[in-house]
Amino acid sequence: MKIDQLHQLFLQCEKVNTDTRKIEQNSMFFALKGSNFNGNVFANQALKNGAKYAIIDEEEYQTSNATILVEDVLLTLQQLATYHRDYLKIPILSLTGSNGKTTTKELINTVLSKKFKTVSTFGNLNNHIGVPLTLLSMNKETEIGIVEMGANHIKEIEFLCHIAKPDYGYITNFGKAHLEGFGSIEGVIKGKTELYDYLIKNDKHIFFNADDDIQVNKLSPYINKTGFSQLKSDYYTIKLIDAKPFVKIKIEDLIITSNLIGKYNFTNLCAAVLIGKYFNIDPKEIKEGIESYLPKNNRSQIINKGNNKIILDAYNANPTSMEAALTNFANLNDKNKMVILGDMFELGNESEKEHQIISQLVKNLGLETAYLVGENFHKTKSNSNFVKTFKSFEDFKSDFKSPSHTTILIKGSRGMALERILECI
Ligand code: ATP
Ligand code: MG
């Protein structure tokens, strides 16, 4: 079936679906394959559960006119998404970077939705499946689409750009995340700037951090861009007032107090403000939007439990975000402090070195009590009586005694699920 014909059928449906356990009535089911499952097997079930059509790529599962056989389901999903994106003719804003994509996406969405009907990436669905699903969740009422793009290897962002065809783009930062796939920080820069390369090639608009030399150098000959800066007067000025603990910024004559902790959130906020300004949203509304945004999903949340204050940042971790969180934490004026850190995954050959650097940093920052949890941290040496390492979460949990009147930073990779310790505090 041709893509335009498939699109006609798609328009009769209300949703796209890839999981038979979550089928919604009148949806279009895509029988994707994974290493442990074959969606084709579930196509019939999807139809029984209420899907209007099921897109399959194995002939033996074709049962009725409602099962549509294609060459490759994933490719069809991606092509349909691009076709739909062209059909809607709405501006698409994409963002990528090593850290802060989801936070920035949420902030931009909060700001832009003050004036426009927006659709943005749901949660963290930012890959070769998530990006098409995001595009297909937009409809004729959508005025701006905001698409998060994640990557752990070269050419991935380029590929996602060809699916989403962004008109606007922003890169949050270049950090030491996914070194396993990118090889080095140079690899990270090359991989992430594929977004700017796409925008430049198509003469689209770029938002950028004019205080980031990598971005400034990359974009210096390019005209179609808007930047923010703390000090450089040729750009939109946004000042960091303080981050004790919530990040407070100043734009024009307004002070905005966010609900985000960690100085690293400053540039995330700047991007949302800059983009809001570009789309002519009144600064007062930008302020209102940002001040109403509360972080979710273990991402820099503040939780008061008993007489302890917990900074829960257990959503993910890599050397750059770990360092940022630790230095920020060390600068807080709170009296008693404890850190609980979990292993950082996907670091490849750099893993041992990077865990050792963090362990050393914990010692150098003079934090009173530190627990480093996981096989990688367990191998590090800190030579400090205040730093204790544990091979597994279970070992840590059985040793852990809840402190009192203490501010506790909890941070580790998703796989460590360090939020499990909350029940013991
Ligand atoms: P993912 O790769 O999982 O999609 P992400 O890029 O979407 O991650 P967020 O989920 O927004 O990132 O934030 C994850 C963590 O990264 C935060 O909790 C914080 O510790 C750190 N972080 C956020 N923004 C920045 C930034 N601009 N610079 C450095 N670290 C940051
Ligand atoms: Mg994300």
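How each quantity is defined
- Residues numbered from 1 in each chain as written.
- Chains lettered and ligands numbered in written order.
- Predicted model: local features only at pLDDT ≥ 70, side-chain atom pairs only at ≥ 80, totals over all residues.
- Heavy atoms only, no water.
- Helix = DSSP H or I, 4+ residues; strand = E, 2+ residues; numbered from the N terminus.
- Rg over C-alpha atoms; globule rule 2.2 N^0.38 Å.
- Buried < 20%, exposed > 50% of the residue type's maximum accessible area, 1.4 Å probe, protein only.
- Contact = heavy atoms within 4.5 Å.
- Areas by Shrake-Rupley, 256 points an atom, 1.4 Å probe, with all protein chains shown as cover.
- Lys, Arg positive; Asp, Glu negative; His and termini not counted.
- Charge placed at Lys NZ, Arg CZ, Asp CG, Glu CD.
- Donors = N, O, S within 2.8 Å, 3.2 Å for Na, K, Ca; no water.
- UniProt positions renumbered as here; feature names shortened; annotations may be inferred.
- Near = heavy atom within 4 Å.
- Polar contact = N/O pair within 3.5 Å; in protein donor to acceptor, adjacent residues only side chain to side chain.
- 1 Å grid on protein atoms, 1.4 Å probe; cavity = no way out; pocket = protein on both sides within 12 Å on 5 of 7 lines; lining within 4 Å.
- Sits in = over half its atoms within 2 Å of the grid points.
- Nonpolar A, V, L, I, M, F, W, Y, C, P; charged D, E, K, R; others polar.
- Domains from an automatic or database assignment.

**Quick notes on the overall build of the protein**
Helix and strand counts for the protein come out as 16 helices and 19 strands. At 23 Å, the protein has a C-alpha radius of gyration in line with the 22 Å of a compact globule built from 425 residues. Taking the principal axes of its C-alpha atoms as reference, the protein extends roughly 70 × 55 × 40 Å. By residue count, 53% of the 425 residues in the protein fall in the buried class. For the protein, restricting intrachain contacts to residue pairs at least 6 apart in sequence, the fraction spanning at least 24 positions comes to 61%. Only carbon and sulfur atoms are counted for the fraction: they give 48% of the accessible area of the protein, which is about 19,200 Å². Both charge centroids of the protein, one from 50 positive and one from 49 negative side chains, sit 4 Å from each other.

**Topic: unusual backbone geometry**
Phi at glutamate 252 takes a positive value of approximately 45 degrees, unusual for a residue other than glycine. Its location among the elements puts glutamate 252 in the loop between strand E12 (246-251) and strand E13 (254-261). Overall, glutamate 252 belongs to the partly exposed group, its relative accessible area being 40%. In this structure, histidine 405 is a non-glycine residue whose phi angle is positive, near 50 degrees. Counting through the fold element by element, histidine 405 comes out in the loop between helix H16 (393-399) and strand E19 (407-411). Residue histidine 405 is classed as exposed on the basis of its relative accessible area, which comes to 53%.

**Topic: the coordination of the magnesium ion (ligand 2)**
Around the magnesium ion (ligand 2), the protein contributes the donor atoms Thr102 (OG1), Asn124 (OD1) and Glu148 (OE), which lie 2.0 to 2.3 Å from the metal centre. Each donor residue of the magnesium ion (ligand 2) lies on the same chain, and together they follow the pattern T-x21-N-x23-E. Residue threonine 102 is found in helix H4 (residues 101-112), and its partner glutamate 148 is found in strand E7 (residues 144-148); the two are separated by 46 residues along the sequence. Summarising the burial analysis for this pair, threonine 102 and glutamate 148 share the class buried.

**A look at the UniProt feature "domain: Mur ligase central" (unreviewed entry) in the protein**
Following the UniProt record, the feature "domain: Mur ligase central" (unreviewed entry) maps to residues 96-275 here. Spanning residues 96-275, this segment combines 37% helix with 25% strand, and its end C-alpha atoms are found 15 Å apart.

**Points about the site of ligand 1**
As a structural note, the neighbourhood of ligand 1 is formed by 20 residues, with Lys101, Thr102, Thr103, Arg299 and Asp313 the closest of them. Lysine 101 has a polar side-chain atom sitting 2.8 Å from an oxygen atom of ligand 1. Taking aspartate 313, its side chain carries an N or O atom lying 2.4 Å from an oxygen atom of ligand 1. When ligand 1 sits alone it has 640 Å² of accessible area, and the protein chains cover 93% of it. With respect to the detected pockets, ligand 1 is housed in the largest pocket. Broken down by secondary-structure element, the contributors of at least two residues to the shell around ligand 1 are H4 and helix H11 (265-278). By residue number, the principal contributor to the shell around ligand 1 is H4, which donates three residues. Tallied by class, the residues present in the shell around ligand 1 amount to two nonpolar, 13 polar and five charged. Mapping the shell around ligand 1 onto the domain boundaries places at least three of its residues in each of domain 2 (90-292) and domain 3 (301-424).

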